[in-house]
Amino acid sequence: FYTQHERQALLDAAKIADLRVLSLMDENTAAALQYGLDRVFEETHRVLIYNLGANSAQASIIEYSSKTVKEGSKNKTIGQFEVLGKAWDANLGGFNWDMLITEYMADEFNKKWGEGKDVRKHARPMAKLRAQSKKVKEVLSANKDTPIHIPSLHDDIDFATQLSRAQLEAMSSDLAARLTAPIDRVLKAANLTMADINVTEIVGGAVRIPRVHEVLKEYL
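Membership of the largest hydrophobic core comes to 42 residues, with the highest contact counts inside it found for Leu 52, Leu 129 and Leu 179. Here this core gets seven residues from one element, more than from any other, and that element is helix H3 (residues 94–113). Excluding residues within four positions of it along the chain, Leu 179 makes contact with Tyr 50, Leu 52, Leu 92, Trp 97, Val 212 and Val 215. Judged by nonpolar contacts, the second largest core, of seven residues, contains Ala 32, Tyr 35, Ile 62 and Tyr 64.

Direction of pairing for strand S2 (residues 57–71) relative to strand S3 (residues 74–89): antiparallel, over a ladder of 15 bridges. Looking at the pairing, Ser 60 lines up with Lys 86 of S3. Remark: two residues form the turn of the hairpin made by S2 and S3, two consecutive strands paired antiparallel; Gly 72 in that turn has positive phi of roughly 70°.

So, about helix H7 (residues 181–190). Residues of H7 that are buried include every one of Pro 182, Ile 183, Val 186, Leu 187 and Ala 190, and no others. Within H7, the buried residues cover an arc of 135° as seen down the axis, which keeps them to one side. Of the exposed residues in H7, those oriented more than 90 degrees away from the buried face are Lys 188 and Ala 189. Buried residues along H7 sit in contact with strand S1 (45–52), S2, S3 and helix H8 (210–219).

Let's shift gears to unusual backbone geometry. One non-glycine residue, Asp 18, lies in the positive phi region at around 60°. Among the secondary structure elements, Asp 18 is positioned in the loop between helix H1 (4–16) and helix H2 (27–36). The backbone of Ser 152 sits at a positive phi, close to 45°, despite the residue not being glycine. Within the element layout of this structure, Ser 152 appears in strand S4 (residues 145–154). What makes Ser 152 partly exposed here is its relative accessible area of 34%.

Strands belonging to one sheet form pairs held by backbone hydrogen bonds; the direction of such a pair is parallel or antiparallel. Taken in spatial order, the four strands of this open sheet run S3-S2-S1-S6, and their pairing is mixed. Edge positions in the sheet fall to S3 and strand S6 (199–203), since each has one partner strand and no second. The average angle at which neighbouring strand axes cross in this sheet is 25°, direction not considered. In this sheet, S6 lies alongside S1 in parallel orientation, the contact comprising five bridges. Its bridge partner lying in S6, Asn 51 is registered against Val 203. Where H2 meets the sheet, its contacts fall on S1, S2, S3 and S6, and the angle it forms with S2 comes to roughly 40°. Against the sheet, H7 engages S1, S2 and S3, with an angle of about 125° to S3.

So, how was this worked out
Residues numbered from 1 in each chain as written. Predicted model: local features only at pLDDT ≥ 70, side-chain atom pairs only at ≥ 80, totals over all residues. Heavy atoms only, no water. Core = buried A, V, L, I, M, F, W, Y, C linked by side-chain atoms within 4.5 Å. Buried < 20%, exposed > 50% of the residue type's maximum accessible area, 1.4 Å probe, protein only. Helix = DSSP H or I, 4+ residues; strand = E, 2+ residues; numbered from the N terminus. Contact = heavy atoms within 4.5 Å. Pairing = 2+ DSSP bridges. Arc of directions from axis to C-beta. Axes fitted to C-alpha atoms, helices over the stretch in contact; angles between N-to-C directions.

Given below as structure tokens:
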């Protein structure tokens, strides 16, 4: 989903670094290449790659096959693959969960700070809250709740609260509802159903969020 300007920026950066670009490849296609690097499928093998990173959700359907080529006096079977479809949500990723936690903490601090005051108007404490939100998300991936404490967050006020996984899941229900839409769209683009898929590969750091894992497991 990169624009032509973004693609050109990549090419310009490579030129500055004195690198010769052979091809621009998106993350899912790179994952597909890695998956098939040491495999040769004599029969058609289809893989759904679902990638939920920091900023986007991407789904691709890859079809692997093989062909025979002449190598000297012998025939050799080599693997090949084709991307049958690609779909995405360019505004859905782990960052969205980070921002929900940040907003929650800002609201909790404002309750303690005083009526009419808003910590969102101050860059330094908000930067601290955003950094803390990532840690909270990681802790809640393995625990059902976590205390949150930031000494002297703003105006010499210590910030302390707690957040549970259940609270975060309730706060992010609209995000969870968007998770499988790219899969629906990529299946439609490839004119296939899940019954036609042999394997699903899940990649991207945000899939470690327990609710994300549950939604995908239920869907698949």
